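Given next are the chains, with one letter for each unit.
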2 protein chains.
Amino acid sequence: MIPTRKANKRQLILDEAAKLFKQKGFGGASMRDLASEVGIEAASMYNHIKSKDEILELICFRVSGMYISQLAEIEATAASYVEKIKALISLHIRLMIEDGAAVSVANHDWKYLREPALTEFKNARKQYEKGFAALIEQGIAAGEFQPVNVSVALFTILSAVRWVELWYRPGRELSAEELEANIITMLLTGLEKK
Amino acid sequence: MIPTRKANKRQLILDEAAKLFKQKGFGGASMRDLASEVGIEAASMYNHIKSKDEILELICFRVSGMYISQLAEIEATAASYVEKIKALISLHIRLMIEDGAAVSVANHDWKYLREPALTEFKNARKQYEKGFAALIEQGIAAGEFQPVNVSVALFTILSAVRWVELWYRPGRELSAEELEANIITMLLTGLEKK
DNA sequence: TTAGTAAACAAACGTTTGTTAGTTTATCGG
DNA sequence: CCGATAAACTAACAAACGTTTGTTTACTAA
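These numbers come from a predicted model, not from an experiment.

About the thresholds
Residues numbered from 1 in each chain as written. Chains lettered and ligands numbered in written order. Predicted model: local features only at pLDDT ≥ 70, side-chain atom pairs only at ≥ 80, totals over all residues. Heavy atoms only, no water. 1 Å grid on protein atoms, 1.4 Å probe; cavity = no way out; pocket = protein on both sides within 12 Å on 5 of 7 lines; lining within 4 Å. Points joined across faces, edges and corners; volume = space filled by probe spheres on them. Helix = DSSP H or I, 4+ residues; strand = E, 2+ residues; numbered from the N terminus. Nonpolar A, V, L, I, M, F, W, Y, C, P; charged D, E, K, R; others polar. UniProt positions renumbered as here; feature names shortened; annotations may be inferred. Salt bridge = Lys/Arg side-chain N within 4 Å of Asp/Glu carboxyl O. Buried < 20%, exposed > 50% of the residue type's maximum accessible area, 1.4 Å probe, protein only. Contact = heavy atoms within 4.5 Å. Buried area = accessible area lost by both parts, 1.4 Å probe. Polar contact = N/O pair within 3.5 Å; in protein donor to acceptor, adjacent residues only side chain to side chain. Least-squares fit on C-alpha atoms with pLDDT ≥ 70 in both. Phe/Tyr/Trp six-rings, centres within 6.5 Å; stacked < 30°, edge-to-face > 60°. Lys NZ or Arg CZ within 6 Å of the ring centre and 35° of its normal. Near = heavy atom within 4 Å.

J.: Any chance you could explain the layout of surface pockets here in plain terms?
T.: Space left empty within the atom packing is revealed by a probe, the size of a water molecule, rolled over the atoms. Residue and element names in this part refer to chain A. Approximately 220 Å³ is the volume attributed to the second largest pocket. Taken together, 13 residues line the second largest pocket, and the ones lying closest to its centre are Asp15, Ala18, Asp99, Ala101 and Ala102. Of all the secondary-structure elements, those providing two or more residues to the lining of the second largest pocket are helix H1 (9-24), helix H4 (52-76) and helix H6 (100-108). In terms of residue count, H1 provides more of the lining of the second largest pocket than any other element does, six residues in total. Split into classes, the residues belonging to the lining of the second largest pocket amount to six nonpolar, two polar and five charged.

Laid out in structure tokens, this is it:
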């Protein structure tokens, strides 16, 4: 079995693109850069992908799809709201660690999507935020959470989880589990000692 | 007094550049885009600035300078650590609201700085983070804060404050003061009700 | 062996990029 | 009114961009 022929080169291009876009930004990464990372000429990539824009779309929508499907799973469980929010925070951290490059691109470079993909992506994100916000709102109504402004709580959590991409390295002092536990403590019980 | 001649066009270019870089990213914004925003031709801008790179440097270092000098002021006060951290969070939110475009650029596009500016900027940021982290560490030692991992606390706070740029609009439901109060509550006492 | 095809290539395409050069216009001090 | 100067303009530059074209290579199926 020789892997030269079959081995999905399209996926390899997408993976390398995610890494490169994260590093240099969508505009800063050229198709020649990417090709050299893949190990072929720029022109040859067009046998596997339609355009640079398509690469970005595929990365962004794969990520948004993961978040939305996972949110649906969490919504469907019978856990408390505290547990559901913890699960969501955990989801974000885990995806960031396991698929950091793609998640970074979906977080930062989505704005370079062309219409109609741009609008579609924004809608997907808004849908996700709405679902997340609803859980916070219900948690407040159920008396599990403080009566904080829902949007503030939502975006504080979503943002607080993003820095993991900039900070986490596999061989860091903190393991993924410890990291997760610390962030959840910060967000749910706060910095101040009572 | 006619403002046509004197009125600092250099500053106008920098202000418009910050807005445009925030909107399109440094790579995505062309000098012709920027010139059209300023109301002159691209070539004419070179009577006021040296290069596109210089524009980015001026924006980034003005922002980093503001943060560092303000941190020094806060460090010098005699307040409790809780108050100092609150002051820092307040500082971030206020700068984001008052100078959002420039802060955004310094947050996102600093990586397009060319050496030696890039290294210099990274060092400035590291210096700021070190000072911030020291306050958290001392606050824990003084028993004011929970014994959470210092890096986690630091980056959670720094990130949690960034979304204000994406979210805050002058005519929003929440005033700047309410926004600030809500974020501080979230970060210091957490989402969960005790 | 041969025909078909997936995937690589080199070369060139038309744009757009940041920037420079040279020139013209407008304002102000004398 | 005249000369100086700041700041605008037009035109052009080389380089880099994403992409297309036409061709060659190498593997597979008949």
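There is more to say, and it comes next.
J.: Can you help me understand the UniProt feature "DNA-binding region" (unreviewed entry) in chain A in this one?
T.: Taking the UniProt record as the reference, the feature "DNA-binding region" (unreviewed entry) is found at residues 30-49 of chain A. Along residues 30-49 of chain A the backbone is 60% helical and 0% strand, and the end-to-end C-alpha distance reaches 15 Å.

J.: Would you mind going over the pattern of salt bridges with me for this structure?
T.: A side chain of one charge can pair with a side chain of the opposite charge when the charged atoms of the two come close. If you walk through the whole model with that rule in mind, you get ten salt bridges over all chains. A:Asp33 is the salt-bridge partner of A:Lys24, the closest N and O atoms lying 3.2 Å from each other. Its relative accessible area of 24% is what places A:Asp33 among the partly exposed residues. Salt-bridge contacts for B:Asp99 lead to B:Arg62; the nearest nitrogen and oxygen are separated by 2.8 Å. Highlighted residues: B:Asp99 in the loop between helix H5 (81-98) and helix H6 (100-108) and B:Arg62 in helix H4 (residues 52-76), separated in sequence by 37 residues. For B:Arg62, a relative accessible area of 35% corresponds to the partly exposed category.

J.: Would you mind going over H6(B) with me for this structure?
T.: Side chains that are three or four residues apart share a direction in an α-helix, a result of its 3.6 residues per turn. Residue and element names in this part refer to chain B. Buried residues dominate H6, accounting for eight of its nine residues. Along H6, the residues classified as buried are Gly100, Ala101, Ala102, Val103, Ser104, Val105, Ala106 and Asn107. Where H6 is buried, its residues contact helix H1 (9-24), H4, H5, helix H7 (117-141) and helix H9 (164-167).

J.: How do you make sense of the interface of chain A and chain B when you look at a structure like this?
T.: Chain A puts 40 residues into the contact, and the matching count from chain B is 40 residues. Summed over both partners, the interface of chain A with chain B buries about 3,700 Å², with 64% contributed by carbon and sulfur atoms. Its largest share of buried area at the contact with chain B, chain A owes to A:Gln146, A:Met186 and A:Leu191, together 19% of the area lost on that side. Counting the contacts that link chain A with chain B gives six residue pairs in polar contact (both at pLDDT 80 or more). Elements that contribute at least two residues to the side of chain A that touches chain B include exactly H1, helix H5 (81-98), helix H8 (150-160) and helix H10 (176-189) of chain A. Residue composition of the side of chain A that touches chain B, grouped by class: 19 nonpolar, 13 polar and eight charged.

J.: Is there a simple way to explain the relation of the copies chain A and chain B in this structure?
T.: Between the two copies of the chain lies a relationship made up of a rotation around an axis and a movement along it. Rotating chain A by 180° and moving it 0.0 Å along the rotation axis overlays it on chain B with an RMSD of 0.1 Å. In symmetry terms, the pair is related by a two-fold rotation axis. In terms of C-alpha distance to the rotation axis, chain A has A:Gly190 as its closest residue, with the C-alpha 1.9 Å off the axis. Looking at the interface residues of chain A, 100% of them are also at the interface in chain B, so both copies use one shared face.

J.: Hey, could you run me through the packing of aromatic side chains in this one?
T.: Both the distance between ring centres and the angle between the ring planes are used here to describe each pair of aromatic rings. Going through the model one piece at a time under the given rule, you end up with 18 aromatic pairs over all chains. For the pair A:Tyr128 and A:Phe132, a centre-to-centre distance of 6.1 Å together with 85° between the ring planes defines the contact as edge-to-face. Of this pair, A:Tyr128 and A:Phe132 both sit in helix H7 (residues 117-141), four residues apart, which is roughly one turn of the helix. In this structure A:Tyr128 comes out as buried when scored by relative accessible area, which is 7%. We classify A:Phe132 as buried; its relative accessible area is 0%. Judged by centre distance (5.3 Å) and plane angle (70°), the ring pair of B:Trp163 and B:Trp167 falls under edge-to-face. Residue B:Trp163 shares its accessibility class with B:Trp167, and that shared class is buried. Through pairs of rings, three or more aromatic residues link up here, namely A:Phe21, A:Phe26 and A:Tyr112. When the ring centre of A:Trp110 is taken as reference, the NZ or CZ atom of A:Arg125 above it lies at 4.4 Å. Positioned over the ring face of B:Phe26 is B:Lys52, at 4.4 Å from the centre of the ring.

J.: Would you explain unusual backbone geometry in this entry?
T.: It is generally the case that most residues other than glycine have a negative phi and that most peptide bonds are trans. Here the residue pair A:Glu115 and A:Pro116 is connected by a cis peptide bond, since its omega of 5° sits within 30 degrees of zero. Position of A:Pro116 among the secondary structure elements: in the loop between H6 and H7.

J.: For this particular structure, what's the right way to read the protein's contact with DNA strand D?
T.: If you check the shell around DNA strand D, you find 18 residues, and the closest are A:Tyr46, A:Lys52, B:Glu41, B:Asn47 and B:His48. Among the atoms of DNA strand D close to the protein, meaning within 4 Å, 61% are from sugar or phosphate groups. Between DNA strand D and the protein, one listed contact pairs a phosphate oxygen with a backbone N or O atom of A:Met31 at 2.8 Å. Contributions of two or more residues to the surface near DNA strand D are made by helix H2 (31-38) of chain A together with helix H3 (42-45) of chain B. Among the residues making up the surface near DNA strand D, the classes are represented as six nonpolar, five polar and seven charged.

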